[in-house]
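# Notes for the structure review
Here is what each chain is made of, one letter per residue.
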Amino acid sequence: MSGGRTEAPDNTAVRCALWRAMHVRTDPPPHVFEDEIGLRLADPGPNWRSRPDMDPSATRAFRAAMVARARFIEDLVAEQAGRGVDQYVILGAGLDTFAQRAPEAASRLRVFEIDQPGPQAWKRRRLAELGLAVPDRLHLVPVDFEASGGSWTAHLTAAGFDPGRPSVIASTGVTMYLTKEATAATLRRIAGLAPGTTLAMTFLLPEELVDERDRAGLRASEAGARASGTPFLSFYTPREMLDLAREAGFTDVRHVSGASHAERYFADRTDGLRPSTGEDLLLART
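Each value, and the rule that gives it
- Every residue gets a number counted from 1 within its own chain, in the order that chain's sequence is written.
- pLDDT decides what is reported in this predicted model: residues at 70 or higher carry local features, side-chain atom pairs at 80 or more are listed and counted, and totals for whole chains, interfaces and linings draw on all residues regardless.
- Values reported for side chains reflect all heavy atoms of the structure, with hydrogen atoms and water molecules removed beforehand.
- Two strands form a pair only when DSSP identifies at least two bridges running between them.
- Secondary structure elements are defined from DSSP: runs of H or I of at least 4 residues count as helices, runs of E of at least 2 residues count as strands, and each element is numbered from the N terminus.
- All axes here are fitted lines through C-alpha atoms, helices being fitted over the stretch that makes contact, and every angle between N-to-C directions spans 0 to 180 degrees.
- Whether two residues are in contact is decided by their heavy atoms, any of which lying within 4.5 Å being enough.
- Basic side-chain nitrogens of Lys or Arg form a salt bridge, by our definition, when they fall within 4 Å of a carboxyl oxygen of Asp or Glu.
- Exposure categories follow from relative accessible area, calculated using a 1.4 Å probe and restricted to protein chains: below 20% of the type maximum is buried, above 50% is exposed, and the middle band is partly exposed.
- Residue types Ala, Val, Leu, Ile, Met, Phe, Trp, Tyr and Cys, when buried and joined through side-chain atoms within 4.5 Å, form a set referred to as a nonpolar core.
- Any angle from 65 to 115 degrees is called roughly perpendicular, while one under 35 is roughly parallel, one over 145 is roughly antiparallel, and all others are oblique.
- For any pair of crossing helices, the crossing counts as left-handed if the nearer helix is rotated counterclockwise from the farther one by less than a right angle, and right-handed if it is rotated clockwise.
- Here the expected length of a helix is defined as 1.5 Å per residue gap, with one fewer gap than residues.
- Two N or O atoms count as a polar contact when they lie within 3.5 Å, although within protein this holds only if one can serve as hydrogen donor and the other as acceptor, and sequence-adjacent residues are included solely when both atoms are side-chain atoms.
- When two rings of Phe, Tyr or Trp (its six-membered ring) have centres within 6.5 Å they constitute a pair, described as stacked for plane angles under 30 degrees, edge-to-face for angles over 60, and tilted for the intermediate range.

### Observations regarding the sheet that holds strand S5 (residues 198-204)
Strand order in the open sheet formed by seven strands is S3-S2-S1-S4-S5-S7-S6, and the pairing between neighbours is mixed. Bordering the open sheet on either side are strand S3 (138-142) and strand S6 (252-256), each of which pairs with just one other strand. On average, each strand axis in the sheet is inclined to that of its neighbour by 15 degrees, with strand direction left out of account. Across five bridges, strand S1 (residues 87-91) lies against strand S2 (residues 110-115) in parallel orientation. Bridged to leucine 91 within S2 is isoleucine 114. Helix H11 (residues 238-248) contacts S5, S6 and strand S7 (279-285) of the sheet and is inclined by roughly 160 degrees relative to S6.

### Remarks on the pattern of salt bridges
Evaluated as defined, the whole model comprises 24 salt bridges. Residues glutamate 129 and arginine 126 are paired through a salt bridge, measuring 2.6 Å at the closest nitrogen-oxygen approach. Of this pair, glutamate 129 and arginine 126 are both found in helix H6 (residues 117-129), three residues apart, which corresponds to roughly one turn of the helix. Glutamate 129 gets classed as partly exposed once you look at its relative accessible area, which sits at 47%. In this structure, arginine 213 and aspartate 214 form a salt bridge, with 3.3 Å as the shortest nitrogen-oxygen distance. Residue arginine 213 is classed as exposed on the basis of its relative accessible area, which comes to 56%. Take aspartate 214: its relative accessible area is 4%, and that puts it in the buried class. Linked by salt bridges that have partners in common, Arg20, Asp35, Glu74 and Arg101 make up one network.

### Focus on the pairing of S1
Counting buried residues along S1, five of its five residues qualify, which places the element largely inside the surrounding structure. Here S1 shows a buried face lined by Gln87, Val89 and Leu91 and a second buried face lined by Tyr88 and Ile90. In terms of strand pairing, S1 meets strand S4 (residues 168-171) through four bridges, oriented parallel. Among the inter-strand pairings, valine 89 is bridged to a residue of S4, identified as isoleucine 169.

### Some thoughts on the nonpolar core
Leu187, Phe250 and Leu282 are the most contacted members of the largest nonpolar core, which totals 35 residues. No other element matches H11, which puts five residues into this core.

### Quick notes on unusual backbone geometry
The amide bond that connects proline 29 to the next residue, proline 30, takes the cis arrangement and shows omega of 5 degrees. Note on placement: proline 30 falls in the loop between helix H1 (11-26) and helix H2 (37-42). Here aspartate 43, not a glycine, exhibits a phi torsion of approximately 50 degrees, which is positive. Mapped onto the secondary structure, aspartate 43 falls in the loop between H2 and helix H3 (60-82).

### With respect to the packing of helix H9 (residues 180-191) against H11
Across the interface, H9 lies against H11 with an axial gap of 8 Å and an inter-helix angle of 50 degrees. On the basis of the axis angle, H9 is oblique to H11. By crossing handedness, the relation of H9 to H11 is classed as right-handed. Of H11, the residues touching H9 (which contributes Lys180, Thr183, Ala184, Leu187, Arg188 and Ala191) are Glu240, Met241, Leu244, Ala245 and Ala248.

### Points about the environment of glutamate 240
You can see glutamate 240 is positioned in helix H11. Among the residues examined, glutamate 240 registers a relative accessible area of 38% and is labelled partly exposed. If we skip the residues at most four places from it in the chain, glutamate 240 touches Lys180 and Phe235.

### Comments concerning H1
For H1, built from 16 residues, the straight-helix expectation of 22 Å at 1.5 Å per residue is met to within 8% by its first-to-last C-alpha distance of 21 Å. Those residues of H1 lying buried are Ala13, Val14, Cys16, Ala17, Leu18, Trp19, Arg20, Ala21, Met22, His23 and Val24. At its buried positions, H1 is contacted by H2, H3 and helix H4 (98-101). With a side-chain oxygen positioned 3.2 Å from the backbone nitrogen of threonine 12, the residue opening H1 is aspartate 10.

### Examining the packing of aromatic side chains
One pass over the full model with this rule turns up five aromatic pairs. Centroid distance tyrosine 177 to phenylalanine 232: 5.6 Å. Interplanar angle 70 degrees. Geometry classified as edge-to-face. Placement of the pair is tyrosine 177 in the loop between S4 and H9 and phenylalanine 232 in the loop between helix H10 (212-227) and H11, with a sequence separation of 55 residues. Here a set of aromatic residues connected by ring pairs shows up, and it is made of Tyr177, Phe232 and Phe235.

Printed below as a string of structure tokens:
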């Protein structure tokens, strides 16, 4: 895959962007997370809200989970930036819009978006078409993960990342598409970075650990991923993910349940909006 070739982002990346916009347009304020730039990038056409996966009622809890995890990540970035960390790496960036939505916060950071070359070239083109320039402190790092042999850190360093300085690294919605061996290799690479580096990584729970009300949605997501040629390969119990991180070399590891986002971000809501279960986070520090 050449860096000059463009190809649209996958269905999951587009769905995430549209659900963020749906939260702003459908759910009453206060909004947990505000992002309509992803919708502009995706440009899904005038009837996008009629898509089955945009049904405002059926997708309500999953939409809430999506914006909750995004808010959690960016709260973490803000917290670490307040402690002097000035590098933020987004693995599998997709249609992330942090640098465009929060230019003041992003100006205090060097932001590195890592993604496959084709979708990233597509995103760069769409940003230009929308008049959204790529700021100097945003680095789009194309990595063909299959061809690179896993050496994405070398590409990151070549783009200006300083492995000797602490950073925040986010990997959301990625581990389910990778083998456990590939995720373990990623964890080892990150654990070898500078002391003070923080990783936030999402993972899907096995069905038996998902609330009964959310299992049908998980099965539908799994079937959709398989039908689109990107099947889910890996699920983790919290203990499995914590053990994987410790084995990789992290000394400070913590499990953050997706259910905990309900209390953190939705406790005072009167409309009953709450996130679904099924996706948890690993928080690990070197």
